[in-house]
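# Geometric and topological summary
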Amino acid sequence: MTKDLPTHADVIVIGGGIIGCSTAYHLARDHKLNVVLLEQNRLTSGSTWHAAGLVGQLRSSASITQVLKYSVDLYKKLEAETGLQTGWKMTGCLRLATNQDRWTEFKRLATTAQSFGMEMHLISPAEVKKMWPLMEVDDLVGASWLPTDGQASPSDITQALAKGARMHGATIVEGARVEGFEMSGNRITAVRTVKGTIKAEKIVNCGGMWARQLGAMAGVTVPLQPVKHQYVITEKIDGLSADAATIRDPDKLTYFKEEVGGLVFGGYEPNPIAWTEGDVPSTFEFQLFEDDFEHFEQHMEAALWRVPALAKTGIKQMINGPESFTPDGNFILGQAPECANMFVGAGFNAFGIASGGGAGWVLADWVAKDEAPMDLWTVDIRRFSGMHRDRRFVSDRTLEAYGKHYTIGYPHEEYQSGRPLLVSPLYERLKARGACFGSKLGWERPNWFAGTGETPRDVYSMGRQNWFAAAGREHKAVRETAGLFDQSSFAKYEMKGKDATAALEWIAANRIGKAVGSVVYTQMLNTRGGIECDLTVTRLAEDHYYIVTGTGFRTHDFHWIKDHIPAGSACDLVDVTEAWGTLVLMGPKARDILSVICTDDIANAAFPFAQMRELTIAGHRVRALRVTYVGELGWELHMPIAATGDVFDALMEAGDGKGLALAGYRALESLRLEKGYRAWGSDITPNDTPFEAGLGWAVKLKGNTDFQGRAALEKKAGEPLKKMLTGFTTTREDIVLVGRETILRNGQFAGYLTSGGYGYSVGRPVGYGYIRNPQGVTPDYIMSGSYELVVAKETVKAVPHLQPLVDPANARIKA
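These numbers were taken from a predicted model, which means no experiment stands behind them. (Residues numbered from 1 in each chain as written. Predicted model: local features only at pLDDT ≥ 70, side-chain atom pairs only at ≥ 80, totals over all residues. Heavy atoms only, no water.)

### Looking at the overall build of the protein
Secondary structure summary: the protein contains 18 helices and 38 strands in total. Principal axes of the C-alpha set define a box for the protein whose edges measure 80 × 65 × 55 Å. Here the protein holds 815 residues, and the buried ones make up 61% of them. A separation threshold of at least 6 residues defines the contact pool for the protein, and within that pool the share at least 24 residues apart is 72%. As presented, the protein carries roughly 29,600 Å² of accessible surface, and 50% of it is formed by carbon and sulfur atoms. One way to put it: in the protein the 87 positive side-chain charges average out to a point 4 Å from where the 94 negative ones average out. (Helix = DSSP H or I, 4+ residues; strand = E, 2+ residues; numbered from the N terminus. Buried < 20%, exposed > 50% of the residue type's maximum accessible area, 1.4 Å probe, protein only. Contact = heavy atoms within 4.5 Å. Areas by Shrake-Rupley, 256 points an atom, 1.4 Å probe, with all protein chains shown as cover. Lys, Arg positive; Asp, Glu negative; His and termini not counted. Charge placed at Lys NZ, Arg CZ, Asp CG, Glu CD.)

Quick look at the structure:
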């Protein structure tokens, strides 16, 4: 290893585990950058060296599955490049199901695998026994078999990546503990280490369980928690094949892999033990905790039942080491919102070996180009917010997420720890009226309202859940009379300044500089023309704009806008989320109800669609935005947060006798599906252009105004679309769609659903997904096909739709 510390680098990578070495390797190999990797002790000495080394690939995100598939492909060929072995064995992986809900989950996963182009089979207990003779299978319903999964040696892969990085020109310095950063504003200019100071343009924090405290040195929040994770290495077991498949036994919370003739087994218990909420000692090098056999006993008992031969097998070693976990079970990648030139790759939730190769690949690309190369929202550090600075909240939520690692993944399941954290002024009012709350980025939001004799509590299942009828009632009210939604959790920003219009015209794909009072629905695009934000911009004054976006995108969208304001622009962006409450009144009777408590003229001629007016309601000035996400006449009413209760009470009184019903997010989802409104993060993502998503009407290509992403869209304008978002209904009414179901056109793979649910007005399951064809997709191509959806391995007839299922002419919206 290089011992001398260079004085300068293009990029400094901090951390010599598998993620840091992979990132350095890809920065040097793919982008030819001057890279210096700093490791405080020795390579792999944090948690990489004691990782179990299981490598699985299938995830619920197509992009993350692609990342993990890349890892496998890299590990296969890394030895040929570097001459160092990686310990990679493609043993395949068996996942065991012992109950019907788990089996349904596996059937859905098998459909997802089909959608993502992965091989996955569902097999019988007898087939499992044939593949793994030492296993007890009497309790099995079946198993899934992923033949391309496997296992690897974490230390060997890391050393091979490190050698590869050096071969491509990177410098690795061990014993170079970081002591701090030199800053200029929100940028790091140099890194101070025990070996000296080194300047750099960009910093990549791959510090593993030290990533949180490294981030804190630069004011960056990296929400992770080290958790004690144990596994056992056994002596040799007679009859165990060297190429035995890895086993995941989630109903017994355990996993197994073959190692040197014996087994490695461990698990994910419901009562995990956090290590520390404080700083991790920098001297924790190649260290473990004392064995905790009492805590591990639950896994020992499960393992002995599943593999009876273990009762006669000696234990070679118990490993009890720290692993970094995150509050939602997904790892952390991307540019830190608080620091312009720090990127993060951390919190890999015990699948850092599976992720390492691919995570380093995409993170290096992100660092080099200042833009994620694909849709990485599920792992983007900007999915977090200020609430994640609370160490106790992060610890409690992370332990809950760890405990769910192997539990059944029911649709719509909510976390429970740390709640309630953020509430609107209406929380107690809504609770008293039967609200069943969910949580989004800390905000308590009503998902549905229990009726007489119903309990406001979710009962999870793989079929229709207990809120189905309640959401249907709320849906019916919005379509036939009116519904009132509390959406105070909306993220809200204001931009002011003489250059605000010019800045927003550059960042937004739609035309922003319309008359004062205009409300513009727009996307914001990356350099590939992909959709990074989906929001509304309201012009309050010549140099003053009000921006509203989804609750969960608060950090992401704020920093996307801020980071893309042209240099030198005279404008400021401010987050005003907590300053404004939001009530959304929607339905055919919305105007009748609003007119009872408002003396302003709200007739269509005076207050048309896509306009904002200030109204007086209950003595308060209210920003009323005439927009809709449900396909009905209505308004978003934004009032100072302290006025929310007064406005709510006035609306409820005015709606008494007019059919006004409280409605929640479950109904909102079904309403928007029927209307074909897109949801960012599922239907529209950084991988999708507005034209592919059917949103080309919101792009200002006809004018001469330049904007971010315009060049990419113009380049594609003369080419046929390779995919097009399409709606589907199933001919069967009892099907449950949740997304990622495979779309078959004329019996052949054509895509998969991006979202799914139920349309109560049409009485059918509804889904959306991209129809794909390398030769091009047109409306005629879509409508000329015969379609089926594969739902949990069952094929059902489906009907395509290119128009909204309800009110396709938008007559109701513009009434």
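### Some remarks on the packing of helix α1 (residues 18-31) against helix α5 (residues 154-167)
Contact geometry of α1 with α5 gives a least axis separation of 8 Å together with a crossing angle of 25 degrees. By the angle class used here, α1 and α5 are roughly parallel. In the crossing of α1 with α5, the sense of the turn from one axis to the other is left-handed. On the side of α1, the interface is formed by I18, C21, S22, A24, Y25 and A28, while α5 contributes I157, T158, L161, A162, G164 and A165. For the contact of α1 with α5, a count of residues per class yields nine nonpolar, three polar and no charged. (Axes fitted to C-alpha atoms, helices over the stretch in contact; angles between N-to-C directions. Parallel < 35°, antiparallel > 145°, perpendicular 65-115°, else oblique. Left-handed = near helix turned anticlockwise from the far one by under 90°. Nonpolar A, V, L, I, M, F, W, Y, C, P; charged D, E, K, R; others polar.)

### Let's talk about the pairing of strand β38 (residues 794-801)
The pairing of strand β33 (residues 723-730) with β38 spans four bridges and is classified as antiparallel. Bridging from a neighbouring strand, T730 pairs with A798 of β38. In this sheet, β38 lies alongside strand β37 (residues 787-791) in antiparallel orientation, the contact comprising five bridges. Following the sheet pairing, E788 is matched in β38 by K797. Taken together, β37 and the strand that follows it, β38, pair antiparallel across an intervening segment of two residues, in which A792 is found at a positive phi of about 50 degrees. (Pairing = 2+ DSSP bridges.)

### Some points on the environment of M783
Counting through the fold element by element, M783 comes out in helix α18 (residues 779-783). By relative accessible area, M783 is classed as partly exposed at 44%. In sequence terms M783 and Q748 are 35 residues apart; their C-alpha atoms lie 15 Å from each other. Once residues lying within four places of it in the same chain are set aside, the contact partners of M783 are P800 and L802.

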